[in-house]
Amino acid sequence: MPGTHGDQQTRRTQLSDLSNGYRASATIFSAIELGVFKALSNESKSADDLAADLDCSPRGLRILLDALTGLDLLLLDDVRYSLHGLADEFLCLGKHGYMGDILEHNVAMMKKWVHMAEVVRTDKPIQREKVRSPQELRSFILGMQNIAAGSAQQMVEFLDLTNIGRILDLAGGPGTYLHTLLHHLPAARGTVLDFPNVIDIALEQTEKEGLTDRVDFIRGDMFEVEYGGPWDLVIISNIIHSFDDSANRYLFSKAASSLDIGGFLLVKDFFLNENRTSPSDASLFSLNMLVATDSGRSYSWQECELWLAELGLKLIRRGRVGISSGMILAQKSE
Ligand SMILES: C[S@@+](CC[C@H](N)C(=O)[O-])C[C@H]1O[C@@H](n2cnc3c(N)ncnc32)[C@H](O)[C@@H]1O
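Residues numbered from 1 in each chain as written. Predicted model: local features only at pLDDT ≥ 70, side-chain atom pairs only at ≥ 80, totals over all residues. Heavy atoms only, no water.

K.L.:
Any chance you could explain the sheet that holds strand β2 (residues 74-77) here in plain terms?
P.N.:
Strands sit in the order β1-β3-β2 across an open sheet of 3 strands; the sheet is antiparallel. Whereas interior strands pair on both sides, the edge strands pair on one side only; in this sheet they are β1 (45-46) and β2. Across the sheet, helix α5 (residues 58-70) lies against β2 and β3 (80-83), angled at about 110° from β2, the strand it touches most. (Pairing = 2+ DSSP bridges. Helix = DSSP H or I, 4+ residues; strand = E, 2+ residues; numbered from the N terminus. Contact = heavy atoms within 4.5 Å. Axes fitted to C-alpha atoms, helices over the stretch in contact; angles between N-to-C directions.)

K.L.:
What's the story with the sheet that holds strand β5 (residues 189-194) in this structure? I'm lost.
P.N.:
Strands pair in a sheet through their backbones, by hydrogen bonds, and they do so in one of two ways: parallel or antiparallel. The mixed open sheet is built from 7 strands, whose spatial order is β6-β5-β4-β7-β8-β12-β11. Of all strands in the sheet, those bounded by a partner on one side alone are β6 (215-219) and β11 (314-321). Between one strand axis and the next, the sheet turns by 20° as a mean value, whatever way the strands run. Relative to strand β7 (residues 231-237), strand β4 (residues 166-170) is paired through 4 bridges, and the arrangement is parallel.

K.L.:
Explain the layout of surface pockets to me, please; I cannot follow it from the model alone.
P.N.:
To find leftover empty space, one rolls a probe the size of a water molecule over the atoms. Quantified by volume, the second largest pocket comes out at close to 640 Å³. What lines the second largest pocket is a set of 24 residues, and nearest its centre among them are Gln145, Asn146, Ala149, Gln205 and Lys208. Listing elements by their share of the lining of the second largest pocket, those giving two or more residues are α7 (100-113), α9 (134-158), α10 (176-184) and α11 (196-208). With 7 residues, the top contributor of residues to the lining of the second largest pocket is α9. Of the residues in the lining of the second largest pocket, the class split is 4 nonpolar, 12 polar and 8 charged. Taken domain by domain, the makeup of the lining of the second largest pocket includes at least three residues from each of domain 1 (5-98) and domain 2 (151-331). (1 Å grid on protein atoms, 1.4 Å probe; cavity = no way out; pocket = protein on both sides within 12 Å on 5 of 7 lines; lining within 4 Å. Points joined across faces, edges and corners; volume = space filled by probe spheres on them. Nonpolar A, V, L, I, M, F, W, Y, C, P; charged D, E, K, R; others polar. Domains from an automatic or database assignment.)

K.L.:
Please explain the site of the ligand as it appears in this structure.
P.N.:
Inspection of the region around the ligand gives 18 residues, with Ala171, Asp194, Asp221, Met222 and Ser237 positioned closest. In the environment of the ligand, a nitrogen atom lies 2.8 Å from a nitrogen or oxygen atom belonging to the backbone of Met222. Burial of the ligand by the protein chains amounts to 91% of its free accessible area of 590 Å². Here the shell around the ligand takes 3 residues from α9, the largest share from any one element. Tallied by class, the residues present in the shell around the ligand amount to 11 nonpolar, 5 polar and 2 charged. (Near = heavy atom within 4 Å. Polar contact = N/O pair within 3.5 Å; in protein donor to acceptor, adjacent residues only side chain to side chain. Areas by Shrake-Rupley, 256 points an atom, 1.4 Å probe, with all protein chains shown as cover.)

K.L.:
Is there a simple way to explain unusual backbone geometry in this structure?
P.N.:
Keep in mind that most residues, glycine aside, have a negative phi and that most peptide bonds are trans. Looking along the chain, the bond that leaves Gly229 and enters Pro230 is cis, with omega of 0°. Topologically, Pro230 is positioned in the loop between β6 and β7. The step from Ser278 to Pro279 runs through a cis peptide bond, and the omega angle for that step is -5°. Along the polypeptide, Pro279 turns up in the loop between β9 (271-272) and α13 (280-292). Backbone geometry at Ala171 places phi at a positive 50°, although glycine is not the residue there. Relative to the elements of secondary structure, Ala171 occurs in the loop between β4 and α10. On the basis of relative accessibility, which here comes to 18%, the residue Ala171 falls in the buried class. (Buried < 20%, exposed > 50% of the residue type's maximum accessible area, 1.4 Å probe, protein only.)

K.L.:
Would you mind going over α11 with me for this structure?
P.N.:
Given 3.6 residues per helical turn, the α-helix brings residues three or four places apart onto the same face. Counted at 1.5 Å a residue, the expected span for α11 with its 13 residues is 18 Å, and the 19 Å between its end C-alpha atoms agrees. Of the surrounding secondary structure, the elements contacted by the buried residues of α11 are α9, α10, β5 and β6. A positive backbone phi angle near 70° is found at Gly210, which sits one or two residues after α11. (Expected span 1.5 Å × (residues − 1).)

K.L.:
How should the packing of aromatic side chains be read in this particular structure?
P.N.:
For any pair of aromatic rings, the description consists of the separation of the ring centres together with the inter-plane angle of the planes. The tally for this structure, following the rule as stated, stands at 6 aromatic pairs. Seen in terms of ring centroids, Phe223 and Phe243 are 5.1 Å apart; in terms of plane orientation they differ by 75°. Their pairing is edge-to-face. Here Phe223 is found in the loop between β6 and β7, whereas its partner Phe243 is found in the loop between β7 and α12 (245-257), with 20 residues between them in sequence. Taking the relative accessible area as the measure of exposure, Phe223 reaches 24% and is therefore partly exposed. (Phe/Tyr/Trp six-rings, centres within 6.5 Å; stacked < 30°, edge-to-face > 60°.)

K.L.:
What should I look at first to understand the environment of Asn106 in this one?
P.N.:
By the element assignment, Asn106 lies in helix α7. Taking the C-alpha atoms as reference, Asn106 lies 9.7 Å from Ile32; in sequence the two are 74 residues apart.

K.L.:
What exactly am I supposed to notice about the pairing of strand β12 (residues 325-331) here?
P.N.:
Put simply, side chains in a regular strand alternate between the two faces of the sheet. Burial of β12 is extensive: 6 of the 7 residues sit out of reach of the surface. The sheet contact formed by strand β8 (residues 259-269) and β12 spans 6 bridges and is antiparallel. Directly across from Leu266, in β12, lies its bridge partner Leu329. Across 7 bridges, the pairing between β11 and β12 is antiparallel. In the strand pairing of β12, Val321 is matched with Ser325. Between β11 and β12, which pair antiparallel one after the other, the connecting turn spans 3 residues, and Gly322 there sits at a positive phi close to 60°.

K.L.:
Whenever I open this one, the pattern of salt bridges confuses me. Can you help?
P.N.:
Pairs may arise between side chains of opposite charge once their charged atoms sit close together. Scanning the model with the defined rule gives 15 salt bridges in all. A salt bridge links Asp232 to Arg166; the shortest N-O distance between them is 2.6 Å. With Asp232 in strand β7 and Arg166 in strand β4, this pair connects stretches of sequence that are 66 residues apart. For Asp232, a relative accessible area of 11% puts it in the buried group. (Salt bridge = Lys/Arg side-chain N within 4 Å of Asp/Glu carboxyl O.)

Function cannot be read off these values alone, since they describe shape.
Below, the structure written as structure tokens:
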């Protein structure tokens, strides 16, 4: 039933807002790419001074700064701009909870999303062959740290930490989940497994956390190297969305073999409901993996639980992380 003219006008606006989301998004990403938030960390500046610092046109930068101010991310006082609101809280260099690295990584992702229609047509990801530059790798891995810093405490609360002494963080990136668990388990030790250039970053983060004497590292490809063990807990966080079913089944079976009897496998990811359409964060993330990987996507809770059950692991419980991620805990019994 068509509604009143007023109702229709409201719905027109809803569709415009939904489809024009890229404007706010591209405004923020342009500022990230140009270094606006970093340059305004801890000091206010005029558009002209900032334009000189960032090698931008004064006119272009001022229009960008005004739009960021309209988004409540900057404050304009006379002629000087400063960080404000969410930008002051999360994009100010050096502040606890910094999220600038993950936004830098998302700038690179946005440049792939622009080609989504072509990727959907061909099922070929964008520039899969391109190796990440050291700076891109750093933004990606520290971006994982930015995300995990907000969710690791929920992982601690979700787990029963009794009897956990040996932990493997498989493809652990910066190792943030392992670090947080070790801070709660003074007698435990852990290992981060990842590619050699990522382990360099994990090592640096481990030193920062003061945990060097309790963390070991395995540098290599998780499809090839031995996992060591036996482990009381293996964490597989934000990994399965990069691979197809058979690769994930293989990873799970390697991980399960490396567990001690009674040990736990913890899988964290964006999980979809059985119909694969919701929550929308997870179905949108599936597109992220379509554009960036050969065969990755978001999986449903049920798909992941089936792989675990097929290995004879006992499903213990599901949990939520933040608003869009989930965790599945499974245990090796015999
Ligand atoms: C999305 S990040 C997740 C990092 C970490 N688990 C977390 O949740 O914060 C994916 C990680 O998997 C690692 N990775 C991907 N393929 C791998 C492979 N074949 N062998 C080892 N590590 C791999 C990447 O280097 C990266 O650190």
